[in-house]
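An overview of the molecular structure
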Amino acid sequence: MDRRSFLKTTSLTLAAATLAAPNILRAQAKRFEGVTLNINGYGGDYDRILKESVAKPLEDQTGLRVVYTPSTASAAVARIIASPDNPPFDLVMCDSPNMPDLIKAGAITPTNLGPDVIGRIVPSVREFGDYGIPMSVASMIVTYNKTLVKSPLTSFIDLARPDLEGRVAMFNLENSGGVLYFLALAEAGGGNVDNVDPAFEALRKIKPNITAVTPSTVNLLQLFEQEEAWAGAFWDGRVFSMQKAGKPMALVPPKEGLYALRSYVSPVKGTKHPDAVKAYLEQLVTGPFITELSRFFGYVPTTNIQLPPDVAASVIPYGKGGLESLRAINWEKVAAYRGDWLSRFNREMR
Amino acid sequence: MRNKALLGLRGQGEASTAWMWQIAPTVMLLLFFFILPLAGVVRTSFYPGTRSFGAEGFSFEQYLKVILDPFYRSVLIDTIVDGLIVSMVCLVIGFPVGYSLARLPPKQRRWRLILVILPLTLSLVVIVFGWIVILGRGGLVNQLLVSIGAIDRPIRLPYNRTAVLLILVQQFLPYMILSVMSVCSKIDPVLEHAAANLRANRFTTFRRVIVPLAAPGIVSGMILVFILTVSAFVTPRLVGGGNVQMLGSIIYEQVIVALNWPLGGALAMVLLIVTSIVISLANLLAAKKFARHRSSANAK
């Protein structure tokens, strides 16, 4: 090789390397550039917190794009089960009652995260083994308007008190919150998940006081905010938010016990981006998401994260036992019986 | 000569196949997005048990449950009755509006038409929550009733059948107005002048000239509103407050919440069959009345 061709080859190689270098570096830094994860969403502030504390940091670090499509968890589950060969989502967010059907249909896969990540999750909130990452715990509590209801309420069955005639609002059994107070009434009356007659008996007593039963959280919120309803059973986090907004709503852990569900995020079987799914779940568990959720909704964290003192002070109290005090629920049986409960509820509350 | 004949034959052949190409996109669309999914629903409704994934076999179990259970029967009857009530109310309110719009010059009609169509552009959930606010104890209607002395203190207006029907009428009224308007705009005003010349008063002209000529629009508008009402599920779920059950909401619950697709499928098929029967009867009645009116007009 003569000097001229040596210089020419070297300079061309250097130029090519210089041009390619940023791309190589970018490819290393942004390993999910061009990848989009589709996830159903809960909408509202829950999705906002997810976007800010999970999706955005991930996109900044890895180039991974996350798209949330708000819908009800049940509708998302139905869509996934209906199209097993071409699932509409890479990850599904749903609640405890939805999980047995997803597992039974083979629509979700275990999370397969390392022990360093899984080890951070509080063991008692993992109801389905390796399936699903529990993001939050929401319980059904008794709430009432402190300015309109003079004598405090302490239990779900107190909603049958004569002074509340026409002023009680609750979920129906279409909403998972309805299933929670329903099980609480059943077990408090001596029944169980296999025998829910005591729950229907209690509901017959509460019925004259009911102004509306609804499947919609927003609708129930509206009923309390407009003072159409003075008392009822509602999500602890929603009552916490109303209190923060200055509404005189009481948040009472019911005497029947704390019945709660977990919100899970699970990898959908057949996702084309398993590595991106794993990265998303790791960011969710190890990033600021759990803290931010506690800050806004007052939810007790599902991981062993140390909350900042101001957040820790405002978290919804679950009593001395904390998350351990939550009642265990057999969700497999709930999933099997729910259709029948719905039909009977519709007949009896009509 | 022979060539001309051949060309003529080819032309006829092309004409006879041309229509097939013209309807092909619609047929394909209906096949893939209506017939095939419907076939899936029909198959699902014949599965035994409460789940369709992994299900096998063929059973009439779901249909027997729907037919023999008095609860489902009463909900089906309520749903059909609600459909008829909403269709009738929409006709009574919508006909004058549709007729008057048809008689307006195009320039004046345009803005009024936009006002009629505007509610259709809004999300149904937004409309329903808006109504709940309006009908609430602190809402506009209660305030108005208290201020005019009709009631002493605010009363509960939503969460009953009347509220559900009221909101359904508001939602589906534009369909009736548009249907009536499109037919009335084709009725020549000269016919009304002729009726007046023959000493027919306004009511007689309306009854014997306008209504028979507008019948196709009335029937199609009523069918449209009826179908939309019997399949409604958002409004009864949110405004019914648990007191009002319609079949659409029960199908939604069984399919989406309970994942009992076999029962949901059977309920949907029963609703489809009953609705088709009601619509066919309405069409038959309208056609008979139409034919009688035409023959009596011809005889005169």
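Only a predicted model underlies this, so the values are computations on that prediction, with no experimental measurement involved.

**Brief notes about the overall build of chain B**
- Within chain B, the regular secondary structure consists of 12 helices and zero strands.
- The order of helices and strands in chain B, counted from the N terminus, is α-α-α-α-α-α-α-α-α-α-α-α.
- Its C-alpha atoms give chain B a radius of gyration of 25 Å, clearly above 19 Å, the size a compact globule of 300 residues would have.
- Counting only C-alpha atoms and orienting by the principal axes, one finds that chain B spans roughly 80 × 65 × 35 Å.
- In chain B, 69% of the contacts between residues at least 6 apart in sequence involve partners at least 24 apart.
- Here chain B carries 27 positive and 10 negative side-chain charges, and the mean point of each set is 14 Å from the other.

**Describing the layout of surface pockets**
All names here are of chain A.
- Computed from the structure, the largest pocket encloses a volume of approximately 1300 Å³.
- Sorting elements by how many residues they give to the lining of the largest pocket places helix α9 (residues 236-244) first, with four residues.
- Two domains each donate at least three residues to the lining of the largest pocket, and these are domain 1 (32-137 + 261-320) and domain 2 (138-260 + 330-349).

**Let's talk about the interface of chain B and chain A**
- Chain B puts 31 residues into the contact, and the matching count from chain A is 35 residues.
- Buried surface at the junction of chain B and chain A, both sides included, amounts to about 2900 Å², of which 50% is carbon and sulfur.
- On the surface where chain B and chain A come into contact, there are five salt bridges.
- R347(A) is paired through a salt bridge with D69(B); the nearest N and O atoms lie 2.9 Å apart.
- At the junction of chain B and chain A, the tally comes to 15 residue pairs in polar contact (both at pLDDT 80 or more).
- The set of elements that each furnish at least two residues to the side of chain B that touches chain A consists of α3 (70-102), α5 (124-135), α10 (234-239) and α11 (247-257) of chain B.
- Looking at the side of chain B that touches chain A, the element that brings in the most residues is α11(B), giving six residues.
- Within the side of chain B that touches chain A, the residues separate by chemical class into 17 nonpolar, seven polar and seven charged.

**Looking at the domain arrangement of chain A**
Residues and elements named next belong to chain A.
- Considered domain by domain, chain A is made up of domain 1 (32-137 + 261-320) and domain 2 (138-260 + 330-349).
- The C-alpha centroid of domain 2 is placed 27 Å from the C-alpha centroid of domain 1.
- Between domain 1 and domain 2, the contact holds 18 residues from the first and 17 residues from the second.
- Buried surface at the junction of domain 1 and domain 2, summed over both partners, amounts to about 1500 Å²; 63% is from carbon and sulfur atoms.
- At the boundary of domain 1 and domain 2, one finds four residue pairs in polar contact (both at pLDDT 80 or more).
- Ranked by residue count, the leading element in the side of domain 1 that touches domain 2 is helix α11 (residues 289-297), at three residues.
- In terms of residue class, the side of domain 1 that touches domain 2 is built from 10 nonpolar, four polar and four charged.

**Considering empty space enclosed by the protein**
- All told, the structure shown has two cavities of 30 Å³ or more when counted by the stated rule.
- The calculated volume of the largest cavity comes to roughly 110 Å³.
- Residue lining of the largest cavity: 13 residues in total, with N172(A), N346(A), G242(B), Q245(B) and E253(B) positioned closest to the centre.
- Contributing elements (two or more residues each) for the lining of the largest cavity: α13 (331-349) of chain A together with α10 and α11 of chain B.
- It is α13(A) that provides the largest number of residues to the lining of the largest cavity, a total of three residues.
- Every residue lining the second largest cavity is listed: S74(A), V77(A), P97(A), N98(A), D101(A), A335(A), R338(A), R51(B), I256(B), V257(B), A258(B) and L259(B).
- If you list the elements that add at least two residues to the lining of the second largest cavity, you get α3 (73-82) and α13 of chain A together with α11 of chain B.
- Partitioned by chemical class, the residues of the lining of the second largest cavity number seven nonpolar, two polar and three charged.

**Brief notes about the packing of aromatic side chains**
- Considering all chains together, one arrives at 22 aromatic pairs over all chains under this definition.
- Residues F224(A) and F234(A) carry aromatic rings whose centres are separated by 5.4 Å and whose planes lie at 50 degrees to one another, so their mutual orientation is tilted. Note that F224(A) is positioned in helix α8 (residues 217-225) and F234(A) in strand β7 (residues 231-235), a separation of 10 residues in sequence. For the pair F224(A) and F234(A), one class covers both residues: buried.
- Ring centres 6.0 Å apart and planes at 40 degrees place the aromatic pair Y337(A) and W341(A) in the tilted group. Taken together, the positions of Y337(A) and W341(A), both in helix α13 and four residues apart, correspond to about one turn of that helix.
- Y337(A) sits in the partly exposed class, given a relative accessible area of 27%.
- In this structure an aromatic cluster arises from ring pairing among Y42(A), Y46(A), F289(A), F296(A), F297(A) and Y299(A).
- The ring centre of F296(A) lies 5.1 Å from the NZ or CZ of R48(A), which sits over that ring.
- Geometry around Y72(B) places R347(A) over its ring, the cationic atom sitting 5.6 Å from the centre.

**Examining the side chain of S343(A)**
- Relative to the elements of secondary structure, S343(A) occurs in helix α13.
- Not counting residues up to four positions away in its chain, the partners in contact with S343(A) are Y72(B) and Q254(B).

About the criteria used
Residues numbered from 1 in each chain as written. Chains lettered and ligands numbered in written order. Predicted model: local features only at pLDDT ≥ 70, side-chain atom pairs only at ≥ 80, totals over all residues. Heavy atoms only, no water. Helix = DSSP H or I, 4+ residues; strand = E, 2+ residues; numbered from the N terminus. Rg over C-alpha atoms; globule rule 2.2 N^0.38 Å. Contact = heavy atoms within 4.5 Å. Lys, Arg positive; Asp, Glu negative; His and termini not counted. Charge placed at Lys NZ, Arg CZ, Asp CG, Glu CD. 1 Å grid on protein atoms, 1.4 Å probe; cavity = no way out; pocket = protein on both sides within 12 Å on 5 of 7 lines; lining within 4 Å. Points joined across faces, edges and corners; volume = space filled by probe spheres on them. Domains from an automatic or database assignment. Buried area = accessible area lost by both parts, 1.4 Å probe. Salt bridge = Lys/Arg side-chain N within 4 Å of Asp/Glu carboxyl O. Polar contact = N/O pair within 3.5 Å; in protein donor to acceptor, adjacent residues only side chain to side chain. Nonpolar A, V, L, I, M, F, W, Y, C, P; charged D, E, K, R; others polar. Phe/Tyr/Trp six-rings, centres within 6.5 Å; stacked < 30°, edge-to-face > 60°. Buried < 20%, exposed > 50% of the residue type's maximum accessible area, 1.4 Å probe, protein only. Lys NZ or Arg CZ within 6 Å of the ring centre and 35° of its normal.

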